[in-house]
Amino acid sequence: MSDAARELRNRASWDLQCPVIVIDAREHPKRVLKTSVRGLTGTITTSNVIDNPLLRSFLARSKEVGTDEALDEFMHGPEAEHFSMLWDRYADERHRHGLAVWSYSEAAKFALKSKQCFEQGDIACVAITEGSETDDHGVLTFSVDSSWLS
């Protein structure tokens, strides 16, 4: 983390190459990675469809009743055709890239946050927390004073 903080402090201005920190607590050993704002979506699996309200509703329901029951409800519900299309895209993303922990819109918000952090002399960080199940992870964003780290 100190290397990323020093690199950030030596930059004259913010751009997509500014360093950010990723803390990944999903697997053992836990990892702390330095990447750039631009490289973030390659470091953290990111989804095009996970922030769709219908898919979010399904994911919340699946935590309540289980994936199979929720899938049956949504595949036979009033928005079954739309949900089926979303589910296919989600399943394809998951198959090709692994389980996504956030969406592209959330990653874009984090990029804006990293710019604000830079202006304050902080380095932007994102932490993926471990969960009780494979798909039960949290994402936390925060910043740390780069002077403190370097």
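What counts and how
- Residues numbered from 1 in each chain as written.
- Predicted model: local features only at pLDDT ≥ 70, side-chain atom pairs only at ≥ 80, totals over all residues.
- Heavy atoms only, no water.
- Buried < 20%, exposed > 50% of the residue type's maximum accessible area, 1.4 Å probe, protein only.
- Helix = DSSP H or I, 4+ residues; strand = E, 2+ residues; numbered from the N terminus.
- Pairing = 2+ DSSP bridges.
- Axes fitted to C-alpha atoms, helices over the stretch in contact; angles between N-to-C directions.
- Parallel < 35°, antiparallel > 145°, perpendicular 65-115°, else oblique.
- Contact = heavy atoms within 4.5 Å.
- Nonpolar A, V, L, I, M, F, W, Y, C, P; charged D, E, K, R; others polar.
- Left-handed = near helix turned anticlockwise from the far one by under 90°.

Q: I'm lost on the pairing of strand S1 (residues 19–24) in this one. Help?
A: The side chains of a regular strand alternate, residue by residue, between the two faces of the sheet. For S1, a buried count of 5 out of 6 residues is recorded, marking the element as mostly surrounded by other parts of the structure. Pairing of S1 with strand S2 (residues 31–36), which is carried by 6 bridges, proceeds in the antiparallel orientation. Looking at S2, one finds that Val22 is bridged to Leu33.

Q: I would appreciate a short explanation of the packing of helix H4 (residues 67–75) against helix H5 (residues 80–97) in the present structure.
A: A pair of packed helices can be characterised by two numbers: the angle between their axes and the separation between those axes. Closest axis-to-axis distance for the H4/H5 pair is 8 Å, and the angle between their directions is 130°. One finds that H4 runs oblique with respect to H5. On H5, the residues that touch Leu71, Phe74 and Met75 of H4 are Ala80, Phe83, Ser84 and Trp87. Class assignment of the residues belonging to the contact of H4 with H5 gives a composition of 6 nonpolar, 1 polar and no charged.

Q: Looking at this model, I keep getting lost on the side chain of Ser146. Mind explaining?
A: One can find Ser146 in helix H7 (residues 146–149). Taking relative accessible area as the criterion, Ser146 reaches 2% and is therefore assigned buried. If we ignore the near neighbours within four places in the chain, the residues touching Ser146 are Ala5, Leu8, Arg9, Gly121, Asp122 and Ile123.

Q: Help me understand the packing of helix H3 (residues 53–65) against H4 in this model?
A: In contact at an axis separation of 7 Å, H3 and H4 are set at 140° when each is read in the N-to-C sense. Here H4 runs oblique to H3, going by the angle between their axes. When you trace H3 past H4, the crossing you get is right-handed. On H4, the residues that touch Leu54, Ser57, Phe58, Arg61, Ser62 and Val65 of H3 are Thr67, Glu69, Ala70, Leu71, Glu73 and Phe74. Taken together, the residues of the contact of H3 with H4 break down into 6 nonpolar, 3 polar and 3 charged.

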